[in-house]
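Structural overview
The residues making up each chain are set out below.
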Amino acid sequence: MYSTHTYTNTHRLFGVNRCISGNLLFLGPGLAFFVYPVGLSLLPAPKVWSFLFFATLVLVGVDTQFSGVEAIISVLIDVWPGLIKGRKYGREILAAVVCLVLFIIGLPLLSQGGIYIFQLYNTYAASGISLLWLAMFESIAIGWVYGVDRFYDDIESMLGFRPHVYFKICYKYLIPGLTFGIFVFFCINNKPLVVDDYVYPWWANGIGWSMSLVSMCCVPIGFIYHLATNNWQLQRGGSLEELRDMEKKYASPEMVISTIDKQSALEAGSNIELSKMVSSEGLPMKMD
């Protein structure tokens with residue numbers, strides 16, 4: 001971005017200096033479709049560089065859509081498995097329907113005022129404060145609700161070692177504190193959305209905040225619903241002692257690592273060593 005800025009400034013193009021020097025970091029789609037093409041047109045073999053640049057944009061967009069469409073399809077199948085169950089090419093048909101609906105929803109972005117709708121989505125719905133809000137509560141859930149020590153035990157059971165204590169500090173203190181501070185400053189310094197010289201009216205900003213609240217409210221609403229359906233207790237079913245016994249019995253890292261060692265010995269064909277391990281621990285195991 002800054003290399004393109006410097007390169008175009010050296011050529012003193014009419015209008016480009018003013019645009020780039022003014023709001024370079026706030027151009028949004030203009031950065032990709034105006035600033036970069038101008039800079040690439042000044043390079044040797046500009047058609048080659050322009051083709052490579054826009055091919056990269058297309059591939060990045062398609063890759064992003066893959067993850068988004070798959071997330072929607074997975075949710076639909078989990079909630080309504082009958083949509084594809086017993087149907088030939090059921091998943092493919094569902095993917096085609098989802099893509100068609102998303103295509104229709106995106107048509108207003110191609111209109112004369114599409115850039116204003118795009119900026120509204122880009123500011124409030126796709127990124128920004130909603131992602132920050134979710135990241136803050138994710139770190140709180142891992143560090144304080146689920147427990148960072150239990151999370152370290154899970155990682156140890158999968159990798160065989162415990163991560164550095166720095167990540168524990170991040171989950172418990174740094175990430176919640178920094179994200180909460182950014183959220184507070186964002187709310188204090190919040191101003192109406194502006195594109196070029198157009199200031200969005202209050203109702204347009206209200207629509208944007210409504211889009212953000214759709215995902216942001218899922219966290220407190222889900223938390224309250226969980227408490228209400230579990231007698232206002234954090235644990236899910238059973239007493240705390242029963243949950244601890246189940247955790248020691250089924251989720252002990254030592255048991256998982258021991259099982260992995262036995263599986264490795266079995267795959268290596270060391271049946272004698274495996275039988276000694278089993279007999280010493282008194283655990284029955286079927287030998288192939």
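Before reading further, recall that the structure is shown in the block above.
Residues numbered from 1 in each chain as written. Predicted model: local features only at pLDDT ≥ 70, side-chain atom pairs only at ≥ 80, totals over all residues. Heavy atoms only, no water.

Tallying each qualifying case throughout the model produces eleven aromatic pairs. Between the aromatic rings of tryptophan 133 and phenylalanine 137, the centroid separation amounts to 4.8 Å while the plane-to-plane angle is 55°, which identifies the pairing as tilted. Of this pair, tryptophan 133 and phenylalanine 137 both sit in helix H7 (residues 129–159), four residues apart, which is roughly one turn of the helix. Here phenylalanine 151 and tyrosine 171 contribute two aromatic rings whose centre-to-centre distance is 5.5 Å and whose plane-to-plane angle is 75°, an arrangement assigned as edge-to-face. Placement of the pair is phenylalanine 151 in helix H7 and tyrosine 171 in helix H8 (residues 165–188), with a sequence separation of 20 residues. With relative accessibility at 22%, the residue phenylalanine 151 sits in the partly exposed group. One aromatic cluster is present, formed by Tyr116, Tyr198 and Tyr200 through successive ring pairs. Here the basic side chain of lysine 168 rests over the ring of tyrosine 152, its NZ or CZ set 5.2 Å away from the ring centre. Just above the ring of tryptophan 144 sits the side chain of lysine 172; from NZ or CZ to the centre is 4.5 Å. (Phe/Tyr/Trp six-rings, centres within 6.5 Å; stacked < 30°, edge-to-face > 60°. Helix = DSSP H or I, 4+ residues; strand = E, 2+ residues; numbered from the N terminus. Buried < 20%, exposed > 50% of the residue type's maximum accessible area, 1.4 Å probe, protein only. Lys NZ or Arg CZ within 6 Å of the ring centre and 35° of its normal.)

Turning our attention to the pattern of salt bridges. By the definition in use, this model includes four salt bridges. A salt bridge links arginine 91 to glutamate 70, with the shortest nitrogen-to-oxygen separation between them at 2.8 Å. Here arginine 91 is found in helix H5 (residues 90–106), whereas its partner glutamate 70 is found in helix H4 (residues 46–79), with 21 residues between them in sequence. Salt-bridge contacts for aspartate 149 lead to lysine 168; the nearest nitrogen and oxygen are separated by 2.9 Å. Of this pair, aspartate 149 sits in helix H7 while lysine 168 is found in helix H8, placing the two residues 19 residues apart along the sequence. Overall, aspartate 149 belongs to the partly exposed group, its relative accessible area being 43%. Among the charged side chains, a salt-bridge network with shared partners connects Asp153, Glu156 and Arg162. (Salt bridge = Lys/Arg side-chain N within 4 Å of Asp/Glu carboxyl O.)

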